[in-house]
Amino acid sequence: MSTPNFRKGTAAFSVIFLFAACQTFPTPADRDTLMKLEQFEFIGGNLLSTKKELQLNYILEKIKGKEITEGMKTGKFPPAMHFFRARELIEQSSVFNIIQKMPKGAGLHLHEYALLSVDWLVKNATYLPNCYICFTPMDGIRFHYFSRNQQKRLANCSEWILLEQYRKQIQNVTEFDNSLYRNLTLVTENPEEAYQSQNIIWKKFANVFTAASSLISYAPVFKTYFYEALKEFYHDNVQYIEIRALLLPVYELDGTLHDKDWSIMAYQEVARQFKNDNPDFVGAKVIFSVHRKLNNSEMKTMINEAMELYKKFPEILAGFDMVGQEDAGHPLWYFKNELLIPAKMGIKLPYFFHAGETDWEGMSIDENVLDAFLLNTSRIGHGYSMNKHPVAKQFSKKFDVPLEVCPISNQVLMLVSNLQNHPAAAFMAEGHPMVISADDPAVFGARGLSYDFYEAFMGIGGLKAELTTLKQLALNSIKYSAMSAQMKAETIKLWLKKWDQFLDVVLHMFNSDEL
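Let me sum up the structure you'll find in this document. On a predicted model such as this, the values are computed, not experimentally measured, just so you know.

Rules of the game
Residues numbered from 1 in each chain as written. Predicted model: local features only at pLDDT ≥ 70, side-chain atom pairs only at ≥ 80, totals over all residues. Heavy atoms only, no water. Axes fitted to C-alpha atoms, helices over the stretch in contact; angles between N-to-C directions. Helix = DSSP H or I, 4+ residues; strand = E, 2+ residues; numbered from the N terminus. Parallel < 35°, antiparallel > 145°, perpendicular 65-115°, else oblique. Left-handed = near helix turned anticlockwise from the far one by under 90°. Contact = heavy atoms within 4.5 Å. Salt bridge = Lys/Arg side-chain N within 4 Å of Asp/Glu carboxyl O. Buried < 20%, exposed > 50% of the residue type's maximum accessible area, 1.4 Å probe, protein only. Core = buried A, V, L, I, M, F, W, Y, C linked by side-chain atoms within 4.5 Å. Pairing = 2+ DSSP bridges. Disulfide = S-S within 2.5 Å.

**Concerning the packing of helix α11 (residues 219-235) against helix α12 (residues 260-277)**
Their axes nearest at 10 Å, the elements α11 and α12 cross at an angle of 40 degrees. As the angle between them shows, α11 and α12 are arranged oblique. Crossing hand, α11 versus α12: right-handed. Contact residues: A219, F222, K223, F226, Y227, L230, K231 and Y234 in α11; W262, S263, A266, Y267, E269, V270, A271, Q273, F274 and D277 in α12.

**Notes on the pattern of salt bridges**
Side chains carrying opposite charge are able to pair once their charged atoms draw close together. The full count for this structure, using the stated rule, is 22 salt bridges. Across the pair D500 and K52 runs a salt bridge whose closest N-O atoms are separated by 2.9 Å. Highlighted residues: D500 in helix α23 (residues 485-511) and K52 in helix α3 (residues 51-74), separated in sequence by 448 residues. The class for K52 is partly exposed, based on a relative accessible area of 26%. Where R447 meets E232, a salt bridge forms, and the shortest distance between an N and an O atom there is 3.1 Å. Taken together, the positions of R447 in the loop between α20 (441-444) and α21 (450-460) and E232 in helix α11 put the pair 215 residues apart, joining distant regions of the chain. Since its relative accessible area comes to 38%, R447 is described here as partly exposed. Residue class for E232 comes out buried when judged on its relative accessible area of 13%.

**Section: the nonpolar core**
General note: in soluble globular proteins, nonpolar side chains tend to be found buried as a group. In this structure, L186, F226, F320 and L339 are the most contacted members of the largest nonpolar core, which totals 149 residues. Take this core: its biggest share by element is nine residues, from helix α10 (residues 198-216). Not counting the four nearest positions on each side in its chain, L339 is found in contact with I303, F320, M322, L332, Y351, F353 and L375. Ranked by size, the runner-up nonpolar core spans six residues in total, among them C134, F146, W160 and L162.

**Topic: the pairing of strand β5 (residues 240-245)**
Here β5 lies mainly inside the structure; six of its six residues are buried. Side chains of β5 alternate between two faces, with Y240, E242 and R244 and I241, I243 and A245 buried alike. Taken together, the four bridges between strand β1 (residues 106-111) and β5 define a ladder with parallel strand orientation. Its bridge partner being in β5, H111 is matched across the sheet by R244. Sheet topology note: the β5/strand β8 (residues 283-291) ladder contains six bridges and is parallel. Bridge pairing in β8 places I243 opposite V286.

**What about the side chain of N278?**
The residue N278 is located in the loop between α12 and β8 in this model. Dropping the residues within four chain positions of it, N278 is found in contact with Y227 and Y234.

**Considering the state of the cysteines**
For the structure on display, the rule yields one disulfide. For the unlinked cysteine C131, the closest cysteine sulfur is that of C134, found at 11 Å. The exposure class assigned to C131 is buried, which follows from its relative accessible area of 1%.

Okay, here's the thing in structure tokens:
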């Protein structure tokens, strides 16, 4: 197979730098150099390529161009469509097929009750003995596991019904299970009709989490769920994850409640077991999170608790964050006194703040992206509104604080409809520090990171995103993780080995005409 002449790894870069330093206005004769300069700035544009990478990039460029051209002709381009409608098209994509095989490094923005495909919860957790369900007038369903005669009526919910008996009484169990699935995800055939405002979809979003947590917070489900979630990400070629976790009480069948220490140790135990079973998986960490609707006194208590937990569990606990709808919760600056407690005490507590997950401008909400830097955040969760804050952009780049970009989440939660218009397109073009993650894949009907990588590569990056873009994004996820320096070095070594294997697999597919 012949390899075309690519710009990467050539002496052309010296010309690019010379042109960039030139004070004269460019002329039409400078167009080729100008295009090279712009591509050099793109994420991954300054990475050198091996022969195999050049070969695969050539293949990928052809396939990608064909799919984008087809999307332009038919008007069915997945990133321009709502994910609920685009998912089947994505799964038919050859680009997606390649991305699935790619080692993606780390998933750094994920939430504990939305990690694993909801199919697993419905087919496994709801079929366990002693699983009861109740129905609310407006807010869907709730679950709980009881010993017989232990049931306590839940406010605004029907009588508890034992699912084992209920399924025996109904004719169409499959349709009932499908209804459970619909109550545990946001997936719907007509999202624009079902969710006519951000407040409406966030209300459903919160109810989905409450329903899922009522299943997952049962101790026998809790550990198995996390193990199966790690397996799902591992099969999607993800080597490491960090999860935002509320660390709500986990309960036993007899009503015993476990505290945060128990949950953290359970996460640690499961992650170690999974790594023992799969030595090429690196591990997992937890970012202790609380709801941004807390008051100041409650936040002070949580910060003090977070400091103790971080001191007690340094291997598994990465730091602290706040979660929940940013538009409806308190801004970061509201909690400035509480959030500054660790620094004033000289105690380390890394922050990983959600900030700028909004399309409002000039309000305390979008100012979170500035306040996150004042409060020394390690990463910016979403940062969707950062393009409106040039100072925050400068801080992010100067101090190498990355954005955690979650394309599907931003689209489903109604920040942007066409992912070609996502603000991250400009950040990607500028080589801004960023990672790609999935936020709540189970709730959106996705699995692992591949769907979000596809949307970022095809929609946000467009034709300018190349194989080196994917490579840089994966390497970024390791670089910006909360792993120790030694662990990062070991993970990069492992990742490079997997990357080389990935190149061989896909090049073999091409040579075998299997693409």
